[in-house]
Amino acid sequence: MIRQRSDPRNVAQHLIQQLLRWGCERIYGVIGDGNLYLLDELGNQDQIKYIACRHETDAALMAAAEAKLTGKLAVCTATSGPGIALLLNGLADAWQDRAPVLAVTGQVQRTHIGTGSVQDIDQQLLMQPLAYYSTLVPESQSFPQLLNIAVKTALERGGVAHLSIPKEVWRLPVSEAFYPLPPTPPVPAPPPEDVNRVAARIDQAQRPIILAGRGIKPTGAEALQLAEKIRAPIMVTMPAKSSVPNDHPLFVGGLGQAGTEPSRELLHQADLCIILGATWWPKDYVPPSIPIIQIDAVSENIGRSHPATDWLVGDMSAVLPQLVASVQPKTHPSYFDEIQEKKASWNARIRSEIEDQTEPLSPARAIAELNRWIDPDAIMAVDVGDHTLWLERIFQFRNQELLISGTWRTLGFSLPAGIAAQLANPNRQVVSIAGDGGVAHSIIDLVTAVTYRLPLTLIILNNEAYFMETGRMIVEGLNTLGSRVPNPDYAALARACGAEGYRVEQPEELQTALPQALASDQTSVVDIHCTGPIFPHTKILKG
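Note that the structure is a prediction, hence the values are computed from the model and not measured.

Colleague: How should the environment of Gln-107 be read in this particular structure?
Modeller: With respect to the element layout, Gln-107 can be found in strand β5 (residues 101-107). Note on Gln-107: relative accessible area 3%, which makes it buried. Of note is the side chain of Gln-107, whose polar atom sits 3.4 Å from the side chain of Gln-123.

Printed below as a string of structure tokens:
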């Protein structure tokens, strides 16, 4: 219940009550002088849950992950000065991956702004590269409108909006009414003649291939129907791996360094690439020229990273059924047989990597063992690093949902993302997967997972290095200074934080530790000490 207060409301009360009307369930944050009055009001109600984090970057990453997972607005808060500065890395992840996040930061008193006093900084200038909207709240009566503009901007544009509120303004009265949730703008469907034109181009292709990105998330079945009708292999970006059954005869895996040889070979031999909801186009792994049909709900994505021969702009749920109905069915039995031969050869290669006895506990073996035990509908929050490449190479997705730092690619993403995912989905298994280098950036918030009694499992692939960088330096003949890192005993550290901790050094220990940790109703950490083979196609400079 919200504690009853007589009108007029103050700014902090208005923020809480307005966010409630918009469906907000959580605010992630770190306490500081600039947001004490907000925390007081959050403590006087129980409808919006305040998640007390240990680090502002983690709070912002939690908000970014929640927004990616739900598609709804997520909220984080911090104080002025160092507080907002530490939010920036997490907010950059939301900005780059178009996740709607509202950041509400405290600010020094109005009479101190611009004077260089303690924790005074121009917050709008600080936020300028990352936020579609950022403003100082100069007084209380304009706050409802400014909040409405901020949230409307974040939702419509898909990104960060920010309000900085001087500490005394939190307590000032508000008399303006509440706003309704901004409506979701419809994405217009392309006219039938455009769909027919694109279908005709597809009909002319003899060796079409499909590249699907995260834009197909709600329409994976329709994307597969298109692939089946034109008998085209379908490759995916990493965020889309769980949208297409990985055991489907036309699925050929990812594209890029962590992708498959079949996808690269088939793309180079194709006479048309149909791109569905993806902007990923790694120049080192694609042909220098190939006709491209690009279909996306966001017009600015068309031709963003590669020239398109033709295109359709519209919601996938509307476009794909029209396109499936319009294209002519293809048979091409020799093309289908070629796809199966390439897949069989690739799968045999992967099995040999997993079973390689010269690598007693390789990352490939660890990922393959995880594949055995994880729930089919689990949420997997994956960090950045060498382990990410091995996960994409080895893991066969069934219906698991993937959370990644897609474009910003910040170290430390997986643990805070897993915390947010578990809070938003208490009845689903959530697994965070990190390397030993990346997990150090956010491990302090393991205490947060324990505090809120989350049955989250954190899996650490530990090779005592920033091994993606180590491999690149070795291949290029560089000094590996700074790439090797000594680590604490992460299993012991987990237990010190109140979590369960498992240390794995032998392959057979995986078969005990993983199922126990994944089945636990407590926060758990599995610290897997694995070897560090250099990943194929490793290099520093890209085309």
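There is more to say, and it comes next.
Colleague: Help me understand the layout of surface pockets in this model?
Modeller: To find leftover empty space, a probe the size of one water molecule is rolled over the atoms. Of the pockets and cavities examined, the second largest pocket occupies roughly 280 Å³. Along its surface, the second largest pocket is lined by 18 residues, and Asn-246, Trp-346, Asn-347, Ile-350 and Gln-396 are the ones closest to its centre. Every element with two or more residues in the lining of the second largest pocket is listed here: β11 (251-254), α11 (333-354) and α13 (386-394). Broken down by element, the lining of the second largest pocket gets its largest block of residues, six residues, from α11.

Colleague: Looking at this structure, how should I read empty space enclosed by the protein?
Modeller: According to the stated counting rule, one finds three cavities of 30 Å³ or more in the structure shown. Estimates place the volume of the second largest cavity at around 60 Å³. Around the second largest cavity, the lining residues are Gln-257, Asp-386, Leu-389, Phe-467, Met-468, Gly-471, Arg-472, Pro-533, Ile-534, Phe-535 and Thr-538. Where the lining of the second largest cavity is concerned, the elements lending two or more residues are α13 and α17 (467-475).

Colleague: Looking at this model, I keep getting lost on the environment of Thr-538. Mind explaining?
Modeller: Position of Thr-538 relative to the elements: it lies in the segment after β20 (524-529). For the pair formed by Thr-538 and Val-252, sequence separation is 286 residues and the distance between their alpha carbons is 21 Å. Here the side chain of Thr-538 touches Phe-535 through a polar contact of 2.5 Å, landing on its backbone oxygen.

Colleague: Is there a simple way to explain the sheet that holds strand β2 (residues 26-29) in this structure?
Modeller: Note: strands within a sheet are paired through backbone hydrogen bonds, in either parallel or antiparallel orientation. The parallel open sheet is built from six strands, whose spatial order is β3-β2-β4-β5-β7-β6. Across the chains shown, the open sheet's two edge strands, defined by having one partner strand only, are β3 (49-52) and β6 (131-136). Looking at each pair of strands side by side, their axes are set apart by 20 degrees on average, direction ignored. Two strands pair when backbone bridges link them, and β6 and strand β7 (residues 160-166) are joined in this way by five bridges, in the parallel orientation. From the neighbouring strand, Tyr-133 faces β7, where its bridge partner is Ala-161.

Colleague: Explain the pattern of salt bridges to me, please; I cannot follow it from the model alone.
Modeller: Pairing is possible between side chains that carry opposite charge, provided their charged atoms lie close to one another. Scanning all chains against the criterion turns up 21 salt bridges. A salt bridge links Asp-194 to Arg-197, with the shortest nitrogen-to-oxygen separation between them at 2.9 Å. Remark: Arg-197 and Asp-194 occur in helix α7 (residues 192-204); sequence separation between them is three residues, near one turn of the helix. Look at Asp-194 and you get partly exposed, because its relative accessible area is 23%. On the basis of relative accessibility, which here comes to 35%, the residue Arg-197 falls in the partly exposed class. A salt bridge links Glu-261 to Arg-264; the nearest nitrogen and oxygen atoms lie 2.9 Å apart. Separated by three residues within a single helix, Glu-261 and Arg-264 lie in helix α9 (residues 261-269), roughly one turn from each other. Taking relative accessible area as the criterion, Arg-264 reaches 24% and is therefore assigned partly exposed. Members of the salt-bridge network, linked through shared partners, are Asp-194, Arg-197, Arg-201 and Asp-310.

Colleague: I keep staring at the nonpolar core and nothing clicks. Help me out?
Modeller: One recurring pattern in soluble globular proteins is that nonpolar side chains are buried together. By size, the foremost hydrophobic cluster in this structure holds 54 residues, and its most contacted members are Tyr-28, Cys-76, Leu-91, Leu-403, Ile-419 and Leu-458. The element contributing the most residues to this core is helix α3 (residues 56-70), with nine residues.

Colleague: It is not clear to me how helix α6 (residues 143-157) should be interpreted in this structure. Could you clarify?
Modeller: Along an α-helix, a turn takes 3.6 residues, which lines up residues three or four apart on a common side. Taking 1.5 Å per residue as the helical rise, α6 with its 15 residues ought to reach 21 Å, and the 21 Å between its terminal C-alpha atoms agrees with that figure. Those residues of α6 not exposed but buried are Phe-143, Pro-144, Leu-146, Leu-147, Asn-148, Ala-150, Val-151, Thr-153 and Ala-154. Those residues of α6 that are buried are in contact with α1 (11-21), β5, β6, β7 and β8 (173-174). Remark: Gly-158 follows α6 within two positions and exhibits a positive phi of approximately 70 degrees.

Colleague: What's the story with the environment of Thr-451 in this structure? I'm lost.
Modeller: Take Thr-451: it is sitting in helix α16 (residues 446-451). Classification of Thr-451 as partly exposed rests on a relative accessible area of 43%. Distance in space between the C-alpha atoms of Thr-451 and Ile-51 is 9.8 Å, their sequence separation being 400 residues.

Colleague: Quick question: what am I supposed to make of the pairing of β20 here?
Modeller: Taken residue by residue, a regular strand's side chains alternate between the two faces of the sheet. Burial analysis of β20 places six of its six residues in the buried class, the great majority of the element. Sheet topology note: the strand β18 (residues 457-462)/β20 ladder contains six bridges and is parallel. The residue of β20 that forms the bridge with Leu-458 is Val-525. One ladder, built from five bridges, connects strand β19 (residues 500-504) with β20; its direction is parallel.

Colleague: Explanation requested: unusual backbone geometry in the structure shown.
Modeller: Where the residue is not glycine, phi is negative for most of them; where a peptide bond is considered, it is trans in most cases. Although it is not a glycine, Glu-464 sits at a positive phi angle of roughly 55 degrees. As for its position among the elements, Glu-464 is in the loop between β18 and α17. Look at Glu-464 and you get partly exposed, because its relative accessible area is 46%. Phi at His-537 takes a positive value of approximately 65 degrees, unusual for a residue other than glycine. Inspection of the secondary structure assignment puts His-537 in the segment after β20. In this structure His-537 comes out as partly exposed when scored by relative accessible area, which is 34%.

Colleague: For this particular structure, what's the right way to read the packing of α9 against α11?
Modeller: Between two packed helices, what matters for the description is the angle formed by their axes and the separation of those axes. At their nearest, the axes of α9 and α11 sit 9 Å apart, and the two run at 150 degrees to each other. When the interaxial angle is binned, α9 and α11 end up roughly antiparallel. Contacts from Glu-261, Pro-262, Glu-265, Leu-266 and Gln-269 of α9 reach α11 at Tyr-335, Glu-338, Ile-339, Lys-342, Lys-343, Trp-346 and Arg-349. Split into classes, the residues belonging to the contact of α9 with α11 amount to five nonpolar, one polar and six charged.

Reading the values: rules and limits
- Starting from 1, residues in each chain are numbered consecutively following that chain's sequence as written.
- Reporting in this predicted model follows two pLDDT cut-offs: at least 70 for local features of residues, and 80 or more for side-chain atom pairs to be given and counted; totals over whole chains, interfaces and linings ignore these cut-offs and use all residues.
- Here the side-chain values reflect all heavy atoms present in the structure, with hydrogen atoms and water set aside.
- Working definition: helices are DSSP H or I runs of at least four residues, strands are E runs of at least two. Numbering for both runs from the N terminus.
- Note on exposure labels: buried denotes an accessible area under 20% of the residue type's maximum, exposed denotes more than 50%, and partly exposed covers the range between, all computed with a 1.4 Å probe on protein chains only.
- Under the rule applied, a polar contact is a pair of N or O atoms within 3.5 Å (in protein, one hydrogen donor and one hydrogen acceptor; residues adjacent in sequence only if both atoms are side-chain atoms).
- Buried and open spaces are told apart on a 1 Å grid over the protein atoms alone, a cavity being a set of points where a 1.4 Å probe fits but cannot get out and a pocket being an open set with protein on both sides within 12 Å along at least five of seven lines. Residues with an atom within 4 Å of a point are the lining residues.
- Grid points are joined across faces, edges and corners, and a volume is the space filled by probe spheres set on the points.
- Two strands pair if DSSP finds at least two bridges between them.
- Structural elements are reduced to axes, namely lines fitted to C-alpha atoms, with helices fitted over the stretch in contact, and the angle between N-to-C directions of any two is expressed from 0 to 180 degrees.
- The rule for a salt bridge is simple: a side-chain nitrogen of Lys or Arg has to be within 4 Å of a carboxyl oxygen of Asp or Glu.
- Throughout, nonpolar core names a set of buried Ala, Val, Leu, Ile, Met, Phe, Trp, Tyr and Cys residues whose side chains join them through atoms within 4.5 Å.
- In this analysis, the expected span of each helix is defined as 1.5 Å times one less than the number of residues it contains.
- We call two residues in contact when some of their heavy atoms are within 4.5 Å.
- Put simply, angles under 35 degrees are roughly parallel, angles over 145 are roughly antiparallel, angles from 65 to 115 are roughly perpendicular, and the rest are oblique.
- As a working rule, the residues Ala, Val, Leu, Ile, Met, Phe, Trp, Tyr, Cys and Pro are called nonpolar, Asp, Glu, Lys and Arg charged, and the rest polar, with Gly in that last group.

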